[in-house]
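# Structural overview for review
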Amino acid sequence: MIRVVLADDEKLIRSGWATILSLHDDIEVVAEAADGREAVEAGVGADVVLMDVRMPRMDGLAATQELVHRSPATRVVVVTTFENDQLVWGALRAGAAGYVLKRAPAHELVEAVRLVHSRDAVLFPDALRRIASPHVSTARRRVPVELTPRELDVLRHISLGENNMEIAAALRVTRETVKTHVGNVLDKLGARDRTQAAVLAYELGLIFAGTLADSRGGALRRRE
């Protein structure tokens, strides 16, 4: 059972989320919060928190930062009206596991909860690349970490939203080998999860928002 906390200052929004999630036997709404401070208190120990970006007393960025510090196992999904919101990028950098739009269809909300709970892939990687673009310099920067060529390959596939099984198939290695590489990448980047690793990869110039997956075999190429 995935224990979820709903944080939004509009009760109608929370009620809508609760109705959608209650239709699924593997998800349980355990608490609701009307502001950022309440979200932090209610979110400690929960599996997933759906966090509105703009709330009274404490915004979604500050609430996310405090919550992931106090409850590292809790995954935060930021919910926003606009995907280019500065606070969304700030929340991702602060440790949010992903974000969804308020206008997203019900199945995307459910997918977001399940995916961040599984920790096996980046939530909506295409959307992450779009929101990353305005915040990332195209100039190469000196990278303060040393990744092996294989670790860099794994990081690029992580940023495409692929899970361990998909990465293993693309690189023709075992799933356990991928799991080891993923752990090494997170450790070297100082990232708490795959999403934060992808955010750091864009910021450090390790990958670019124009990186694409080759449709023939999963190899990566950079858009010229």
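## A look at the overall build of the chain
Looking only at helices and strands, the chain has ten helices and seven strands in total. Among the 224 residues that make up the chain, the fraction classed as buried is 50%. Residue pairs at least 24 apart in sequence account for 65% of intrachain contacts in the chain once pairs closer than 6 positions are excluded. Total accessible area on the chain stands at roughly 10,900 Å², and carbon and sulfur atoms take up 51% of it.

## Section: the pattern of salt bridges
Enumeration over the complete set of coordinates arrives at 16 salt bridges. Residue D8 is joined to K102 by a salt bridge in which the shortest nitrogen-to-oxygen separation is 3.0 Å. Here the residue D8 occupies a position in the loop between β1 (2-7) and α1 (11-22), and K102 occupies one in the loop between β5 (98-101) and α5 (106-118), the gap between them amounting to 94 residues. Classification of K102 as partly exposed rests on a relative accessible area of 29%. One salt-bridge network, held together by shared partners, links R37, E41, E66 and R70.

## Some words on α1
Its twelve residues give α1 an end-to-end C-alpha distance of 16 Å, which sits within 8% of 16 Å, the value for a rise of 1.5 Å per residue. Structurally, α1 contributes buried residues whose contacts are with β1, β2 (27-33), β3 (48-52), β4 (75-80) and α5.

## Points about the packing of α1 against α5
Close contact between α1 and α5 brings their axes to 10 Å; oriented N to C, the two are set at 75 degrees. Classified by the angle their axes make, α1 and α5 are roughly perpendicular. Here α1 contributes W17, I20 and L21 to the contact with α5, which in turn contributes A106, L109, V110 and V113. In terms of residue class, the contact of α1 with α5 is made up of seven nonpolar, no polar and no charged.

## A look at the confidence of the model for the chain
Per-residue pLDDT for the chain has a mean of 85; in total, 87% of the residues score no lower than 70. Highest mean pLDDT in the chain belongs to β1 (98); lowest belongs to strand β7 (residues 220-222) (34). Note that pLDDT drops below 50 for residues 211-224; the model gives that stretch 25 contacts with residues more than four away or on any other chain.

## Overview of the side chain of S159
Following the sequence through the fold, S159 ends up in helix α7 (residues 149-159). The buried category is assigned to S159, whose relative accessible area is 2%. The residues contacting S159, other than those within four sequence positions of it, are P125, R129, A198, A201, Y202 and I207.

## Some details on the sheet that holds β3
Backbone-to-backbone hydrogen bonds join strands into a sheet, with any given pair of strands oriented parallel or antiparallel. Taken together, five strands build an open sheet; the order of strands is β2-β1-β3-β4-β5 and the sheet is parallel. Since the sheet does not close on itself, it has two edges, and those belong to β2 and β5, each with one partner. Along the sheet, successive strands turn relative to each other by an average axial angle of 25 degrees, direction set aside. Judged from the five bridges that link them, β3 and β4 form a sheet pairing that is parallel. Note that in β4 the partner of V48 across the bridge is R75.

Quick notes on the rules
- Residues numbered from 1 in each chain as written.
- Predicted model: local features only at pLDDT ≥ 70, side-chain atom pairs only at ≥ 80, totals over all residues.
- Heavy atoms only, no water.
- Helix = DSSP H or I, 4+ residues; strand = E, 2+ residues; numbered from the N terminus.
- Buried < 20%, exposed > 50% of the residue type's maximum accessible area, 1.4 Å probe, protein only.
- Contact = heavy atoms within 4.5 Å.
- Areas by Shrake-Rupley, 256 points an atom, 1.4 Å probe, with all protein chains shown as cover.
- Salt bridge = Lys/Arg side-chain N within 4 Å of Asp/Glu carboxyl O.
- Expected span 1.5 Å × (residues − 1).
- Axes fitted to C-alpha atoms, helices over the stretch in contact; angles between N-to-C directions.
- Parallel < 35°, antiparallel > 145°, perpendicular 65-115°, else oblique.
- Nonpolar A, V, L, I, M, F, W, Y, C, P; charged D, E, K, R; others polar.
- pLDDT = per-residue confidence, 0-100.
- Pairing = 2+ DSSP bridges.

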